[in-house]
There are 2 protein chains.
Amino acid sequence: MKEYISYFRSEIDSMQGYVPGEQPKGGKIIKLNTNESPYAPSPAVRQALQDFDYEKLRLYPDPVFTELKEEIASQNGLSPENVIAGNGSDDILTITARCFTSKDKPLASFDPSYSLYPTLAGLQGAPYIAVPLDKDFNIPSNVMEQVKDANCFMIARPNAPTGNLYPKKEMEKICAEFNGIVFIDEAYGDFAEDTCADLVKKYSNVIVSRTFSKSRCLAGLRFGYALAHEKIIEGMVKMKDSYNVAMLTQKLALASLRDKEYFARHIERIKENRAELTSELARLGFKTIPSQSNFLFTIPPCGGEKYFLELKKRNILIRYFPAERTKDFVRITVGSKEEHSCLLQATKEILGM
Amino acid sequence: MKEYISYFRSEIDSMQGYVPGEQPKGGKIIKLNTNESPYAPSPAVRQALQDFDYEKLRLYPDPVFTELKEEIASQNGLSPENVIAGNGSDDILTITARCFTSKDKPLASFDPSYSLYPTLAGLQGAPYIAVPLDKDFNIPSNVMEQVKDANCFMIARPNAPTGNLYPKKEMEKICAEFNGIVFIDEAYGDFAEDTCADLVKKYSNVIVSRTFSKSRCLAGLRFGYALAHEKIIEGMVKMKDSYNVAMLTQKLALASLRDKEYFARHIERIKENRAELTSELARLGFKTIPSQSNFLFTIPPCGGEKYFLELKKRNILIRYFPAERTKDFVRITVGSKEEHSCLLQATKEILGM
């Protein structure tokens, strides 16, 4: 064997790469760590799967997902030219980082927020600007000053892992004043009380993205989309892989989109469970940031790390972020009522109650 | 609406983007333009689809496709650490371009070859070095001199659109002497008389990729993989999206891989059809480059462009590349016997025979 020499771009050799939450294989595990839904996808998805003729797989999928674009555009009051779809919203995020960031075009995001954003900057070799949120995890008053050198500003709204929703007025102010692309990541937007999708009609520098991994119970499918000015979409389409959304993904995503009733019912169910879990945990002494998402960011009375590790021993997975700003908290995905009762029982045990 | 200003990297604004072959929707069309298989995927794929529990889609897929890596490694006499999978081999190509090319790390490929390679360099903002093939579309003798400044050399073997197979000895010489990554794209390798997969064991700078879009009749699925030294795979995994291969894709790809008998039979069938079509076209005056792939690169007696356009009028799609080196040729995907007889009938009509 010829001796290994690295031909990687130096940024890649020196970086860590993004570490996703654990995906355990089998075993009796309660999985409240990656914000999946505890419920099955729409039965329309099952039907579409059953109806699918497997022989069609010999052909390439529609490279521009025509039917999906039309449905998404119509549900958002936009044109198909304002829509791009991806292999999960990760794909959309990667395309965005590649289009709008580089050595001389920095990427900005809040801190704490989705830890993929700085990773994307690193992979792209772009400088990264971290904008610390204020003590209540809200937008700091001098935000525009802090991001003035960035070309792309990625904002998760609701924020992850904190779960809060920045006021829409402040979002609009950023869109109006920022000299670059404002990427509003609405991965958890369906669980929130409002959306920024309409800002796409008003501001030509705004991209709003959505995923089917959370509110549509389809994390395994890998489907996400983004809405933006047609010129932005046109450029992003150049960047995407030609056939980035698989044929089955297109069919099943469309079936999910068209079942509006199941979707609405699912959102209500998660919101109900979220409210219940929030108050049950409050009774046990947890301090929870009011959540607009499908997870709770909460301070356990016994300390974040201890609670996380004790639950893990009991086969309950949640998420712990050891950084300074987040180390007292844990992030718990809103699950089913059954999962919550196991979690609460384990919690009482841990707290010695 | 705020006036549109481009925040794209300047390379993106000025480039065209890759144009894939036409994917017509419906209609009675004979589609011999994008090298799909005329046959259905393995029945094991249908079975895997039927057996799939749609409720599992609520969860993320295995981010590192453990079962697939094991099966692929075992079929290639390698370890799982030598395998990465992608959302089609396009995903693998994009990851490779991002890892190993940049403003100061040029990408090289032969010309003519797969036109995606220069597009990938463009999207990455990397200089592109085109190495003209010799008059018989073989590797020129001064190749090493021509690629000396490149950091990554992408070689389709068999080549597309020409269909020929460079001698393996010459490939090995490039692997041994090139100071950078040699990416051997075996998209059509299953139809050829040998493979370069074993070079991965000998050279730590070699990546060999495969796709399920051609020889496994699964273009709609989007699955491809690459084999390389474990350090290369490790770096490429940092670059890939966390969950780049969807859950259904993983299940169905695995089912296809395990049905070795159907696969072998399918390859034989395509080779048989390829030989038949080659000799039938020869009888009509076509000059065809001996093909080691699932398509023919051939000179129609009436001229390439005319033949392409006349077939299109008759609802038969093939591919025409108007560049200087390729303008006399057309590329015809090997289809079923029925498709060939329609093609031959139309051809006689066009040639006035």
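Given the structure is predicted, the values throughout are model-derived calculations rather than measurements. (Residues numbered from 1 in each chain as written. Chains lettered and ligands numbered in written order. Predicted model: local features only at pLDDT ≥ 70, side-chain atom pairs only at ≥ 80, totals over all residues. Heavy atoms only, no water.)

S.K.: I'd like a rundown of the relation of the copies chain B and chain A, residues and numbers included.
M.R.: Each copy of the sequence occupies a distinct position, and chain B is placed on chain A by a rotation of 180° and an axial shift of 0.0 Å, giving an RMSD of 0.0 Å. One copy is carried onto the other by what is essentially a two-fold rotation axis. Considering only C-alpha atoms, the residue of chain B closest to the rotation axis is Gln50 of chain B, which sits at 3.6 Å. A high fraction, 100%, of the interface residues of chain B reappear at the interface in chain A, so the copies pair face to face through one surface. (Least-squares fit on C-alpha atoms with pLDDT ≥ 70 in both. Contact = heavy atoms within 4.5 Å.)

S.K.: Can you tell me about the packing of helix α3 (residues 66-75) of chain A against helix α10 (residues 247-258) of chain A, naming the residues and giving the values?
M.R.: All names here are of chain A. Following both chains from N to C, one finds α3 and α10 inclined at 25°, their axes separated by 10 Å at the closest point. Classified by the angle between their axes, α3 and α10 sit roughly parallel to one another. Judged by the twist between their axes, the crossing of α3 over α10 is left-handed. Facing Glu67, Leu68, Glu71, Ile72 and Gln75 of α3, the residues of α10 in contact are Gln250, Ala253, Leu254, Leu257 and Arg258. (Axes fitted to C-alpha atoms, helices over the stretch in contact; angles between N-to-C directions. Helix = DSSP H or I, 4+ residues; strand = E, 2+ residues; numbered from the N terminus. Parallel < 35°, antiparallel > 145°, perpendicular 65-115°, else oblique. Left-handed = near helix turned anticlockwise from the far one by under 90°.)

S.K.: Residue-level account of the domain arrangement of chain A, with values.
M.R.: All names here are of chain A. Each domain of chain A was delimited in the assignment, giving domain 1 (10-41 + 261-351) and domain 2 (43-259). If you average the C-alpha positions of domain 1 and of domain 2, the two centres end up 23 Å apart. Summing both partners gives a buried area of about 2800 Å² for domain 1 against domain 2, and 63% of it is carried by carbon and sulfur. Ranking the residues of domain 1 by area buried against domain 2 places Tyr18, Gln292 and Arg325 at the top, with a combined share of 27%. The tally of links from domain 1 across to domain 2 stands at 1 salt bridge. (Domains from an automatic or database assignment. Buried area = accessible area lost by both parts, 1.4 Å probe. Salt bridge = Lys/Arg side-chain N within 4 Å of Asp/Glu carboxyl O.)

S.K.: An account of the side chain of Ser215 of chain A is requested, with residue identities and associated values reported.
M.R.: Looking at where Ser215 of chain A falls in the secondary structure, it is placed in the loop between β7 (206-211) and β8 (224-227). Separated by 2.5 Å, the side chains of Ser215 of chain A and Asp190 of chain A make a polar contact. (Polar contact = N/O pair within 3.5 Å; in protein donor to acceptor, adjacent residues only side chain to side chain.)

S.K.: Tell me about the sheet that holds strand β9 (residues 287-288) of chain B, and please be specific about residues and values.
M.R.: Residues and elements named next belong to chain B. Read across the open sheet, the 3 strands follow the order β9-β10-β12; overall the sheet is antiparallel. The open sheet terminates on both sides in strands that have one partner only, identified here as β9 and β12 (330-333). Here 4 bridges tie strand β10 (residues 295-299) to β12, and the two strands are oriented antiparallel to one another. Of the residues in β12, the one forming a bridge with Phe297 is Arg331. (Pairing = 2+ DSSP bridges.)

S.K.: Can you break down the interface of chain B and chain A residue by residue, with the values?
M.R.: Every contact between the two is made by 90 residues of chain B and, on the other side, 90 residues of chain A. Counting each side, the surface lost to burial between chain B and chain A is near 7500 Å², with a carbon and sulfur contribution of 59%. For the interface between chain B and chain A, the tally reads 0 salt bridges. Remark: the boundary between chain B and chain A carries 44 residue pairs in polar contact (both at pLDDT 80 or more). Taken together, the residues that form the side of chain B that touches chain A break down as 44 nonpolar, 24 polar and 22 charged. (Nonpolar A, V, L, I, M, F, W, Y, C, P; charged D, E, K, R; others polar.)

S.K.: Now, about the nonpolar core: what can you tell me, with residues and values included?
M.R.: Judged by nonpolar contacts, the single largest core of 177 residues is most densely connected at Phe100, Phe223 and Met236 of chain A together with Phe100, Phe223 and Met236 of chain B. Setting aside its immediate chain neighbours within four residues, Phe223 of chain B contacts Leu68, Ile72, Ala85, Gly86, Asn87, Gly88, Ser89, Thr211, Phe212, Val245, Thr249 and Ala253 of chain B. (Core = buried A, V, L, I, M, F, W, Y, C linked by side-chain atoms within 4.5 Å. Buried < 20%, exposed > 50% of the residue type's maximum accessible area, 1.4 Å probe, protein only.)

S.K.: How would you explain helix α4 (residues 89-100) of chain A if you had to name every residue and give the values?
M.R.: For α4 of chain A, built from 12 residues, the straight-helix expectation of 16 Å at 1.5 Å per residue is met to within 8% by its first-to-last C-alpha distance of 16 Å. Burial analysis of α4 of chain A places 12 of its 12 residues in the buried class, which makes it a mostly covered element. (Expected span 1.5 Å × (residues − 1).)

S.K.: Could you give me a rundown of the pattern of salt bridges, with the residues and numbers involved?
M.R.: Going through the model one piece at a time under the given rule, you end up with 44 salt bridges over all chains. Where Lys168 of chain B meets Asp198 of chain B, a salt bridge forms, and the shortest distance between an N and an O atom there is 2.7 Å. Pair noted here: Lys168 of chain B is in helix α7 (residues 168-177) and Asp198 of chain B is in the loop between β6 (181-185) and α8 (199-202), with a separation of 30 residues, a long-range link. The class of Lys168 of chain B is partly exposed, set by a relative accessible area of 23%. Residue Asp198 of chain B is classed as partly exposed on the basis of its relative accessible area of 36%. One continuous salt-bridge network, built from bridges that share partners, spans Glu310, Lys313, Arg314 and Glu349 of chain A.

S.K.: Can you lay out unusual backbone geometry for me, pointing to particular residues and giving the numbers?
M.R.: Only a minority of non-glycine residues have a phi that is not negative, and only a minority of peptide bonds are not trans. A cis amide bond, omega -5°, links Arg157 of chain A with the succeeding residue Pro158 of chain A. Here Pro158 of chain A lies in the loop between β5 (152-156) and α7 (168-177). The step from Asp111 of chain B to Pro112 of chain B runs through a cis peptide bond, and the omega angle for that step is 0°. Tracing the sequence through the fold places Pro112 of chain B in the loop between β3 (107-111) and α5 (116-124). Unusually for a residue other than glycine, Cys217 of chain A sits at a positive phi of about 55°. Relative to the elements of secondary structure, Cys217 of chain A occurs in the loop between β7 and β8. We classify Cys217 of chain A as buried; its relative accessible area is 1%. One non-glycine residue with positive phi stands out, namely Phe65 of chain B, at about 40°.

S.K.: For the sheet that holds strand β4 (residues 128-132) of chain B, give the residues involved together with the corresponding values.
M.R.: All names here are of chain B. Reading across the sheet, the 7 strands line up as β2-β8-β7-β6-β5-β3-β4 and stay open at both edges, with mixed pairing between neighbours. Two strands in the sheet have a free side with no partner beyond their single neighbour: β2 (83-86) and β4. The mean angle between the axes of side-by-side strands here comes to 25°, regardless of whether they run parallel or antiparallel. Looking at chain direction, strand β7 (residues 206-211) and strand β8 (residues 224-227) are connected through 4 bridges and run antiparallel. Each bridged residue has a counterpart across the sheet, and for Arg210 the counterpart in β8 is Tyr225.

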